[in-house]
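Examining the three-dimensional arrangement
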Amino acid sequence: MAAKSSLKDVPAGVIYGKLVDGMREYMAREGFKKVVLGLSGGIDSAVTCCIAVAAAGKENVLGLSMPSRYSSKESITLAEALAGNLGIEFKVIPISGIYDSYLGALEKHLGGDETREIEVYHQNIQARIRGNVLMAFSNRYGHLVVATGNRSEAMMGYCTLYGDTVGGLAVISDLLKAEVYRLAEYINGSGEIIPRQTIDKVPSAELKPGQKDEDSLPPYSVLDEVLGLHLDEKVTPEELKSRGFDPGTVDRIISSIKMSEYKRKQCPEGIKVRP
């Protein structure tokens, strides 16, 4: 029997409604009229953008595509298609030149050059550049920056402080990855708003060549199940292992939850949908 905090039996429409209402209430409370967010062409930013449009109105939402040299053309096209389907303002601001200037200033101090494997700091610089661009629009025009990370990523620390965690509100931070996909299908229930390719493509931060989320995380199907059982239903690591989950995977997930707590404490306020 699922615990009361599980969303398994909660209709997607109810979850969607709570997120829209929560965002609308937050904006009214804090005095925001307009929203800006990064559109990566991925599922998380797409669902977040749809919620923002429902909460604030399409005329009050700005989507920014901020491609780097590692961004696929498909991602830019999908971000533009989503913006067109929603009728929001959309801008493309490439960050490769800014990224190059960062490396030009830092590489002699941090060592090496870009001919070697892309390191974590190379990846995080890109995320932080995007955060700075979003905050520039917020400071200039008074927009609310919304973060687009989900619960699965946050629990594992798969996010960049001062980068993709930047903003005033983390709209889908209480949703596991599978629940984000469920909302995407709900949003498309009356016609394609989120491009089908966005839903079907392999999740990737696109911060280095050929990157996939599962290079750093367990498969989402396993990760979400372990997180749901452990966090929502209070199943212990020992019980998880006795249920057939790989012991190494369980230990890795539990360890990551503990080690990334400092990140979660610095993340924007989220909208709680779990009872």
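Here, residues in each chain are numbered from 1, in the same order as that chain's written sequence. The model is predicted, so local features are restricted to residues of pLDDT at least 70 and side-chain atom pairs to those at 80 or more, both for listing and for counting; the totals for chains, interfaces and linings are taken over all residues. The side-chain numbers reported here are obtained from all heavy atoms of the structure, hydrogens and water having been left aside.

Right, let's get into the overall build of the chain. Counting from the N terminus, the helices are the DSSP runs of H or I reaching at least four residues and the strands are the DSSP runs of E reaching at least two. Secondary structure assignment for the chain yields 12 helices and six strands. Our radius of gyration is a C-alpha quantity, and the globule rule it is checked against amounts to 2.2 Å times the number of residues to the power 0.38. Expected size for 275 residues packed as a compact globule is a radius of gyration near 19 Å; at 19 Å, the chain falls within 12% of this value. With the C-alpha coordinates of the chain rotated into their principal frame, the extents come out at 50 × 45 × 35 Å. For the chain, with 275 residues in total, the buried portion stands at 51%. Residue pairs at least 24 apart in sequence account for 77% of intrachain contacts in the chain once pairs closer than 6 positions are excluded. Each accessible area is a Shrake-Rupley estimate made with a 1.4 Å probe; only the visible protein chains count as cover when residues are assessed. Total accessible area computed for the chain in this model is approximately 13000 Å², and 53% of it derives from carbon and sulfur atoms. Exposure classes here rest on a 1.4 Å probe applied to the protein chains alone. A residue is buried below 20% of its type maximum, exposed above 50%, and partly exposed in between. Should any heavy atoms of two residues lie within 4.5 Å, those residues are considered in contact.

As for its placement among the helices and strands, Arg-274 is situated in the segment after β6 (269–270). Since its relative accessible area comes to 4%, Arg-274 is described here as buried. Distance and chemistry together define a polar contact, namely a pair of N or O atoms within 3.5 Å, with one atom able to donate a hydrogen and the other to accept it when in protein, and with adjacent residues in sequence counting only for side-chain atoms on both sides. A polar atom in the side chain of Arg-274 sits 2.8 Å from the side chain of Glu-179.

This paragraph deals with the state of the cysteines. In this description, a disulfide is simply a cysteine sulfur pair whose atoms lie within 2.5 Å. Inspection of the entire model under this criterion finds zero disulfides. Cysteine Cys-49 is unpaired, with the sulfur of Cys-50 as its nearest cysteine sulfur at 6.1 Å. Not part of a disulfide, Cys-267 finds its nearest cysteine sulfur in Cys-159, a span of 5.0 Å. On the basis of relative accessible area, Cys-267 is assigned to the partly exposed category, the value being 25%.

Coordinates in, geometry out; function isn't part of it.
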